Amino acid sequence: MHQLYYKYRDQYKSNFQLAYPVVISQLGHVAVAIADSIIIGQKTGSDVSLAAVALGSSIFTLFMVTGIGISYGLTPLIAQENGRKNKAECGKLLANSLKINITAGFILFLIIFFGLFLIQYLNQPEAVAKQAKPFLGLLGFSIIPLMVFLTFKQFTEGLGFTKQAMSITIWGNLINILVGVTLVFGLFGIKPMGVVGVGIATLTDRILMAIAMSTYVFRSERFKEYLKEFKLKAYSWQQCKKILGIGIPVSMQYIFEVSAFSGAAIMVGWLGAKELAAHQIALSLASLTFMMASGISAAAGIKSGNYFGQQNYKELRFSAVASYHMVIVFMLTCAFIFTVFNYFLPSLYIKNNDVITIAAGLLIIAAFFQLFDGMQVVGLGILRGMGDVKVPTAITLMAYWIIGLPLGYVLGFKLNMGVFGIWWALLTGLLVAAVLLLIRFNSLTRKLEHSLSNQTSEVASN
């Protein structure tokens, strides 16, 4: 173990330096929804208002991850061109990505806006639907500035600068809380706005984050050479095709996973309120650790993109293996915490002993869940960095929708394993995804190394 550490020590260090700011930025997206719920819950104490925020946030999340996926099409391309020392191409990619993302933001907003009229058909209480509509409308509009922020965030992260987006996200979340408290509680003579207040706060936060991130990129000296060919009026179908060729499959990967877990929640809801409450508690804890693992994944993607651009496939494998080591150690630590504190952690959410007991059982499954979830997200990150997204997308579809959900129904209802059966099925889906993505990474990089070796031999012989 000591020799293994020293073998990969430099990779561990550089990967960590890239990863931890992304972890904090990723947690920022979750923190906005958590802050909105806490603020409205503390002010109103109303389960209707809290349910409206939960409903609006849960619907918006599907659109948000779609946008995040589309915006990610820029990151590996920037990392690859930077690896090739092709700075001018990076500016062109940024300009085309910005146009794609703003267009995607408007389309997603319009879908949300017209979808507001369908909320009443989701079998939600009328009072909840009434409050959720304006809140979701504000969140929907906020996706436009969010896509602008994400464009410049992905650009800087593709170049290896991850701390700036972290800082802006932290300040953005603080602003979201301050504006939210002011509007919801009606401070400084403002009339209390309730659920609409947290919606305005989130919109304000995302507008300011977009302005701050774009201003930072255009004013920073370190990006001057990259932006020489940045022209908004210029349009390249070839570049747009490359960006969307990665962004759309990544978006689909997010959708398959998020919608599968949403489908699992619906099945758990058929079992009863206690099971659903326990499911939400265990899943919220697992989601926090997943967001941290996704930071390691993002760093792995940046490094693999750089090495791929340099055609340095040996170092690519070396860096990727180090990322796998990091996520395995981290997730095993989380698994240990979930196992030891499996009763204590749910008690922080609720005092109902029946719910706590069910959630405690789910956290034991989540202990195994963690390892495979971390491995699959790092595998996806590495392959995205190399521009390999179509096969991984097919793997996620199979793992979650062809295996995970149907198996959940069989175990949960046909074999009467209840919520625990559904969770064992989700774990199985994650296991399949983790193993197949690891096989894909190993096969692809071995082929690339072999191909480069043959090319080198041919050049030497000539």
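Note that the coordinates shown come from a computational prediction; the quantities given were computed from them, not determined experimentally.

Considerations on the overall build of the chain
Alright, step 1. Secondary structure summary: the chain contains 14 helices and zero strands in total.
Alright, step 2. Counting from the amino terminus, helix and strand elements in the chain follow one another as α-α-α-α-α-α-α-α-α-α-α-α-α-α.
Alright, step 3. Buried positions account for 53% of the 462 residues belonging to the chain.
Alright, step 4. Relative to all contacts within the chain whose residues are 6 or more apart in sequence, the contacts with residues 24 or more apart total 83%.
Alright, step 5. Summing over all exposed atoms, the chain offers an accessible surface of approximately 20600 Å²; the carbon and sulfur share of this is 67%.

A word on the packing of aromatic side chains
Alright, step 1. Applying the stated criterion across every chain, the model contains 14 aromatic pairs.
Alright, step 2. Measuring from centroid to centroid gives 5.7 Å for Phe-155 and Phe-223, while their planes differ by 55°, and the two rings are tilted. Of this pair, Phe-155 sits in helix H5 (residues 126–158) while Phe-223 is found in the loop between helix H7 (195–219) and helix H8 (237–271), placing the two residues 68 residues apart along the sequence.
Alright, step 3. Here Phe-155 falls in the buried class, since its relative accessible area comes to 0%.
Alright, step 4. Taking NZ or CZ as reference, Arg-384 lies 5.1 Å from the ring centre of Tyr-254, over its face.

Digging into the packing of H8 against helix H12 (residues 353–385)
Alright, step 1. One can describe the packing of H8 onto H12 by two numbers: an axis separation of 12 Å at closest approach and a directional angle of 165°. Between H8 and H12, the angle falls in the class roughly antiparallel. In the packing of H8 onto H12, the handedness of the crossing is right-handed. For the pair H8 and H12, contact is made by Val-250, Gln-253, Tyr-254, Glu-257 and Phe-261 and by Phe-369, Asp-373, Gln-376, Leu-380 and Arg-384, respectively.

Regarding the pattern of salt bridges
Alright, step 1. Evaluated as defined, the whole model comprises four salt bridges.
Alright, step 2. Two residues, Arg-84 and Glu-81, come together in a salt bridge whose shortest N-O distance is 3.1 Å.
Alright, step 3. On the accessibility criterion, Arg-84 (39% relative accessible area) is partly exposed.
Alright, step 4. Judged by relative accessible area, Glu-81 falls into the buried class, the value being 8%.
Alright, step 5. The closest approach of N and O atoms between Glu-225 and Lys-87, which form a salt bridge, is 4.0 Å. Taken as a pair, Glu-225 in the loop between H7 and H8 and Lys-87 in helix H4 (residues 87–115) lie far apart in primary sequence, 138 residues in all.
Alright, step 6. Judged by relative accessible area, Glu-225 falls into the partly exposed class, the value being 46%.

A short note on the nonpolar core
Alright, step 1. Ranked by size, the top nonpolar core spans 63 residues in total, and within it Leu-362, Phe-369, Ile-382 and Trp-423 carry the most contacts.
Alright, step 2. Of all the secondary-structure elements, those providing two or more residues to this core are helix H1 (2–44), H8, helix H9 (273–310), helix H10 (313–340), H12, helix H13 (390–414) and helix H14 (418–461).
Alright, step 3. The element best represented in this core is H12, accounting for 15 residues.
Alright, step 4. Residues within four places of Trp-423 in sequence aside, it is in contact with His-279, Ala-282, Leu-283, Leu-362, Ile-365, Ala-366 and Phe-369.
Alright, step 5. Membership of the second largest hydrophobic core comes to 56 residues, among which are Ile-68, Ala-95, Leu-146 and Val-198.

Focus on the confidence of the model for the chain
Residues shown with low pLDDT carry predicted positions that ought not to be read at fine detail.
Alright, step 1. The predicted model of the chain averages 83 in pLDDT, with 87% of residues at 70 or higher.
Alright, step 2. Here H1 stands out as the element of the chain with the lowest mean pLDDT, 66, in contrast to H13, whose mean of 93 is the highest.

Some remarks on helix H6 (residues 163–185)
Alright, step 1. Compared with the 33 Å implied by 1.5 Å per residue over 23 residues, the 33 Å span of H6 between its first and last C-alpha is a close match.
Alright, step 2. Among all positions in H6, only Gln-164, Ala-165, Met-166, Ile-168, Thr-169, Gly-172, Asn-173, Asn-176, Gly-180, Thr-182, Leu-183 and Val-184 are buried.
Alright, step 3. Immediately downstream of H6, the backbone of Gly-186 shows phi near 70°, a positive value.

Points about unusual backbone geometry
Alright, step 1. The phi angle at Gln-311 is positive, at roughly 60°, despite the residue not being glycine.
Alright, step 2. Relative to the assigned elements, Gln-311 resides in the loop between H9 and H10.
Alright, step 3. Here the phi dihedral of Asn-416 falls at roughly 55°; this positive angle occurs in a residue that is not glycine.
Alright, step 4. The exposure class assigned to Asn-416 is exposed, which follows from its relative accessible area of 66%.

Observations regarding the environment of Ser-167
Alright, step 1. Residue position: Ser-167 is located in helix H6.
Alright, step 2. Ser-167 gets classed as partly exposed once you look at its relative accessible area, which sits at 33%.
Alright, step 3. For the pair Ser-167 and Met-213, spaced 46 residues apart in sequence, the C-alpha to C-alpha distance is 9.9 Å.

Regarding a nonpolar patch on the surface
Alright, step 1. On the surface, Ile-266, Trp-270, Ile-364, Phe-368, Tyr-409, Val-410, Leu-415, Met-417, Phe-420 and Trp-424 cluster together to form a nonpolar patch covering roughly 950 Å² of accessible area.
Alright, step 2. Counting only elements with at least two residues in the nonpolar patch, the list comes to H8, H12, H13 and H14.
Alright, step 3. By the element assignment, Leu-415 lies in the loop between H13 and H14.
Alright, step 4. For Leu-415, a relative accessible area of 52% translates into the label exposed.

Observations regarding the side chain of Arg-206
Alright, step 1. Secondary-structure assignment places Arg-206 in helix H7.
Alright, step 2. Nearest to the buried, unbridged Arg-206 among oppositely charged side chains is Asp-205, at 4.9 Å.
Alright, step 3. A distance of 3.0 Å separates a polar atom in the side chain of Arg-206 from a polar atom in the side chain of Ser-142.

A look at the side chain of Ser-214
Alright, step 1. Position of Ser-214 among the secondary structure elements: in helix H7.
Alright, step 2. One polar contact links the side chain of Ser-214 to the main-chain carbonyl oxygen of Ala-210, over a distance of 2.8 Å.
Alright, step 3. In terms of polar contacts, Ser-214 uses its side chain to reach the backbone carbonyl oxygen of Ile-211, at 3.1 Å.

Criteria and cut-off values
Residues numbered from 1 in each chain as written. Predicted model: local features only at pLDDT ≥ 70, side-chain atom pairs only at ≥ 80, totals over all residues. Heavy atoms only, no water. Helix = DSSP H or I, 4+ residues; strand = E, 2+ residues; numbered from the N terminus. Buried < 20%, exposed > 50% of the residue type's maximum accessible area, 1.4 Å probe, protein only. Contact = heavy atoms within 4.5 Å. Areas by Shrake-Rupley, 256 points an atom, 1.4 Å probe, with all protein chains shown as cover. Phe/Tyr/Trp six-rings, centres within 6.5 Å; stacked < 30°, edge-to-face > 60°. Lys NZ or Arg CZ within 6 Å of the ring centre and 35° of its normal. Axes fitted to C-alpha atoms, helices over the stretch in contact; angles between N-to-C directions. Parallel < 35°, antiparallel > 145°, perpendicular 65-115°, else oblique. Left-handed = near helix turned anticlockwise from the far one by under 90°. Salt bridge = Lys/Arg side-chain N within 4 Å of Asp/Glu carboxyl O. Core = buried A, V, L, I, M, F, W, Y, C linked by side-chain atoms within 4.5 Å. pLDDT = per-residue confidence, 0-100. Expected span 1.5 Å × (residues − 1). Patch = residues over 30% accessible without salt bridge, like charges linked within 9 Å, V, L, I, M, F, W, Y side chains within 5 Å. Lys, Arg positive; Asp, Glu negative; His and termini not counted. Polar contact = N/O pair within 3.5 Å; in protein donor to acceptor, adjacent residues only side chain to side chain.

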